[in-house]
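# Per-entry structural report
One letter stands for each residue in the lines below.
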Amino acid sequence: MIAILTGLGRWVLGKLARLGRANLFLLSLLGALTFLFKRPSLLIRQLYAVGVLSLPIILVSGLFVGMVLGLQGYANLVDFGATASLGTVVALSLIRELGPVLTALLYAGRAGSALTAEIGLMKATEQLASMQMMAVDPFPRVLAPRFLAGCLAVPILTGIFTAVGILGGYFVAVMQLGVDGGAFWAQMQAKVLLFEDIVNGVIIKSFVFGVLANWIALFEGYEALPTSEGVSLATTRTVVITSLAILGWDFLLTALMFGVW
Amino acid sequence: MFATVSPVETTWPDDAPLVSVRDLSFRRGDRMIFNDLNLQIRRGQVTAIMGPSGTGKTTLLHLIGGQIRPEAGRIEVDGRCVHELNRQELYRLRQRMGVLFQSGALFTDLSVFDNVAFPLREHTRLSERLIRTLALMKLEAVGLRGARDLMPAQLSGGMARRVALARAIALDPMMMLYDEPFAGQDPISMGVLVKLIRTLNDALGLTSIIVSHDVKETAAIADYLYLISEGRVVEHGTPEELHHSPSAWVDQFMHARPDGPMSFHYAAPPYADDLLSRDAG
């Protein structure tokens, strides 16, 4: 019994210590951001790596998610003769929930895991240590550009995902199933609000998810054991922890932004 | 006469050392890596720190470079205690140190040229034209000016280490730290590296510390050797002195003899007991 309690205590202390290190890591990242005013080229290169290179998966996923929403929405609304509301259903689903959440999950799978692997391998191959021994701090030089680029890329990717999703829904609903195009856009225009829906969903939510995804990815890479197994474990942890964190924070943010409490 | 050293009594060289390690203790977890280690590195010389694998040679380089902190004792580099420096002072000191990592540690997303130019771009405000000239000079010194446009993945192990060496000397450091520079090299690459380390040390007026267990190559270029084992300096002296040491341990290490006081086997319970034990694990 004592052994179990001891083990449990050690596990909890270990997790708390890790959480503390993660928070200190975030503070160091935030403190290093000012360096990017001096070297904006570092940020631009990372925006390309985490943002532009994520576009294919975001575009294709957004299109299919929008098409599925169009199909499902039509199948349910047609019984009530409410297919004119399909534009609103597709748009609100994407703007408030599916856009930010799915984009962040896809980002974690593509760019987050790549960030963890990259930083973990830089550690395993002593690139970070050699940088420190050359008197170059890896936080402003390596980590901060990736962090800021990711935080900026996720809201932009969310906007693109949502827009393409709406087009996918339009394609299925209007061009394939015969829903009135004017009603599709007019209902959407009438019901979707700029601040309550678009700013809260596409901008604030996705920015929070971007911070979470990049913070976790970089921290896991930085803390990875410098072995192939260590980097592999860290990459897996990044995807799992980021996914859970995004879904948990999505509930919190939804409750705050759109909830009835 | 060679200098035989007991862990307690140590006689130092006369001139002022560049690196001084005094009463150093360091542990990883429960394992004591260094226990009252003492050594001094003289300026302008190539000093080798040798010993069997796992004795903490690389850890000692990390301690000298301020990457980790000792549990007790002092490490002074050019008169400054490394682990008492703040971050800014430590980084200033590191600009005067060059380190050749065992893996080379080249930045894989940068070309050979950009790797060598990296410290110049980070720490100087020189024009790009001057940086180009300096980087090409460093690459010429290691014989790889023609490989400037290659990426690290396109280099052989020996070439990668020479590029890393060019990068390490880019800022004209006062001291070079070499971590196992000859490990895993083919005979030609090894010969080139051996010659380069000695030549660069003399031509640039460096002080070099080589951590290695390649006895023949290291002894060929070192002015002074320290042999460490079990966390202490076992013996030190010139290569010639150590080659003729009466110590059975030194004799076994320097001449790579399979039999001697150094055991081949890791500490374990009696063989027969282990085989007859009922424990599956």
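Residues numbered from 1 in each chain as written. Chains lettered and ligands numbered in written order. Predicted model: local features only at pLDDT ≥ 70, side-chain atom pairs only at ≥ 80, totals over all residues.

## Topic: the overall build of chain B
Condition: Put simply, DSSP marks the helices as runs of H or I at least four residues long and the strands as runs of E at least two long, and each gets a number from the N terminus on. Our radius of gyration looks at C-alpha atoms and nothing else; its globule reference is 2.2 Å times the residue count to the power 0.38. Any residue whose C-beta has 12 or fewer other C-beta atoms within 10 Å is treated as exposed, any with 20 or more as buried, and any in between as partly exposed, C-beta atoms being built from the backbone. Throughout, a residue-residue contact means that the two C-beta atoms, derived from backbone geometry, are no farther apart than 7 Å.
Scanning chain B from terminus to terminus reveals ten helices and eleven strands. Relative to the 2.2 N^0.38 estimate, which gives 19 Å for 281 residues, the radius of gyration of chain B is 20 Å and therefore close to what a compact globule would have. With respect to the principal axes defined by its C-alpha atoms, chain B has extents near 70 × 45 × 35 Å. A buried classification covers 39% of the 281 residues belonging to chain B. Across chain B, every contact between residues at least 6 apart in sequence was considered, and the portion connecting residues at least 24 apart equals 64%.

## Focus: the overall build of chain A
Regarding its fold elements, chain A presents ten helices and zero strands. In chain A, the succession of α and β elements from N to C terminus is α-α-α-α-α-α-α-α-α-α. Dimensions along the principal axes, computed over C-alpha positions, put chain A at roughly 65 × 55 × 30 Å. The buried share among the 261 residues of chain A stands at 44%. Of all intrachain contacts in chain A linking residues separated by at least 6 positions in sequence, the fraction that spans at least 24 positions is 88%.

## Focus: the pairing of strand β7 (residues 97–100) of chain B
Residue and element names in this part refer to chain B. Quick note on the threshold: Pairing between strands requires that DSSP locate at least two bridges from one strand to the other.
A two-sided burial pattern is seen for β7, the buried positions comprising Met 97 and Val 99 on one face and Gly 98 and Leu 100 on the other. In this sheet, strand β8 (residues 175–179) lies alongside β7 in parallel orientation, the contact comprising four bridges. Within β8, the residue paired with Leu 100 across the bridge is Tyr 178.

## Digging into the interface of chain B and chain A
It is common to report an interface's size as the accessible area lost on association of the parts. Quick reminder of the rule: Under this grouping Gly is polar, as are all residues other than the nonpolar Ala, Val, Leu, Ile, Met, Phe, Trp, Tyr, Cys and Pro and the charged Asp, Glu, Lys and Arg.
Between chain B and chain A, the contact holds 14 residues from the first and ten residues from the second. Contributing elements (two or more residues each) for the side of chain B that touches chain A: α2 (87–94), β7 and α3 (112–123) of chain B. No other element matches α3(B), which puts three residues into the side of chain B that touches chain A. Of the residues that constitute the side of chain B that touches chain A, the class distribution is seven nonpolar, five polar and two charged.

## Observations regarding the domain arrangement of chain B
Residues and elements named next belong to chain B. The following threshold applies: Each domain's extent is set by a domain assignment, obtained either automatically or from a database.
According to the domain assignment, chain B contains domain 1 (3–96 + 174–276) and domain 2 (111–172). Averaged C-alpha coordinates put domain 1 and domain 2 at centres separated by 27 Å. Taken together, the twelve residues of domain 1 in the interface contact twelve residues of domain 2. The leading source of residues in the side of domain 1 that touches domain 2 is helix α6 (residues 187–204), at six residues.

## Focus: the sheet that holds strand β3 (residues 31–42) of chain B
All names here are of chain B. Taken in spatial order, the four strands make up an open sheet running β3-β2-β5-β6, and their pairing is antiparallel. Since the sheet does not close on itself, it has two edges, and those belong to β3 and β6 (80–81), each with one partner. Bridge count for strand β2 (residues 17–28) against β3 is eight bridges, and the pairing is antiparallel. Its bridge partner being in β3, Val 21 is matched across the sheet by Leu 39.

## Observations regarding unusual backbone geometry
Residues other than glycine seldom take positive phi values, yet Asp36(B) does so here, at roughly 55 degrees. In this model, Asp78(B) sits at a positive phi of 50 degrees, which is unusual for a non-glycine residue.

## Overview of the packing of helix α7 (residues 138–176) of chain A against helix α9 (residues 194–223) of chain A
All names here are of chain A. Quick reminder of the rule: Note on definitions: angles span 0 to 180 degrees between N-to-C directions of axes, and those axes are lines fitted to C-alpha atoms, for helices only across the stretch in contact. Here roughly perpendicular refers to angles of 65 to 115 degrees, roughly parallel to angles under 35, roughly antiparallel to angles over 145, and oblique to all remaining angles. Note: crossing handedness is left-handed where the near helix turns anticlockwise from the far helix by less than a right angle, and right-handed where it turns clockwise.
Put simply, α7 and α9 touch, their axes get as near as 8 Å, and they point 140 degrees apart. By the criterion of interaxial angle, the relationship of α7 to α9 is oblique. Between α7 and α9 lies a crossing whose hand is right-handed. Contact residues: Leu 143, Arg 146, Phe 147, Gly 150, Cys 151, Val 154, Pro 155, Thr 158, Gly 159 and Thr 162 in α7; Val 202, Ile 203, Ser 206, Phe 207, Phe 209, Gly 210, Val 211, Ala 213, Asn 214 and Leu 218 in α9. In the contact of α7 with α9, the residues fall into twelve nonpolar, seven polar and one charged.

## Examining the environment of Ile203(A)
When you line up the elements, Ile203(A) lands in helix α9. Sequence spacing of Ile203(A) and Ala217(A) is 14 residues, and the spatial spacing of their C-alpha atoms is 21 Å.

## A short note on the packing of helix α5 (residues 157–168) of chain B against α6(B)
Residue and element names in this part refer to chain B. Two numbers describe how α5 lies on α6: the axes approach to 9 Å, and their chain directions differ by 15 degrees. Judged by the inter-axis angle, α5 sits roughly parallel to α6. Between α5 and α6 lies a crossing whose hand is left-handed. Taken together, the residues of α6 that come into contact with α5 (itself represented by Gly 157, Gly 158, Arg 161, Arg 162 and Leu 165) are Ser 189, Val 192, Leu 193 and Leu 196. Of the residues contributing to the contact of α5 with α6, the split by class is four nonpolar, three polar and two charged.

## Re the environment of Asp36(B)
Relative to the assigned elements, Asp36(B) resides in strand β3. Placed 123 residues apart in sequence, Asp36(B) and Met159(B) show a C-alpha to C-alpha distance of 38 Å.

## A short note on helix α4 (residues 128–141) of chain B
All names here are of chain B. Threshold: One less than the residue count of a helix, multiplied by 1.5 Å, gives the span that helix is expected to have. What the arc measures is the spread of directions leading from the helix axis to the C-beta atoms.
Between its terminal C-alpha atoms α4 stretches 20 Å, which fits the 20 Å expected from 14 residues at 1.5 Å a residue. Of all the residues in α4, the buried ones are Ala 135, Lys 138 and Leu 139. One face of α4 carries all of its buried residues, which in axial projection span an arc of 100 degrees. Turned more than 90 degrees away from the buried face of α4, the exposed residues are Arg 129, Leu 130 and Thr 133. On its buried face, α4 sits against α3 and α5. Positive phi shows up at Gly 143, right after α4, with a value of about 75 degrees.

## Focus: the confidence of the model for chain A
Here is the rule we go by: Confidence of the predictor in every single residue is expressed as pLDDT, which spans 0 to 100.
When pLDDT is averaged along chain A, the result is 93; 99% of the residues meet or exceed 70. Considering each helix and strand of chain A separately, the mean pLDDT is smallest for helix α2 (residues 35–38) of chain A, with a value of 85, and largest for α7(A), with 95.

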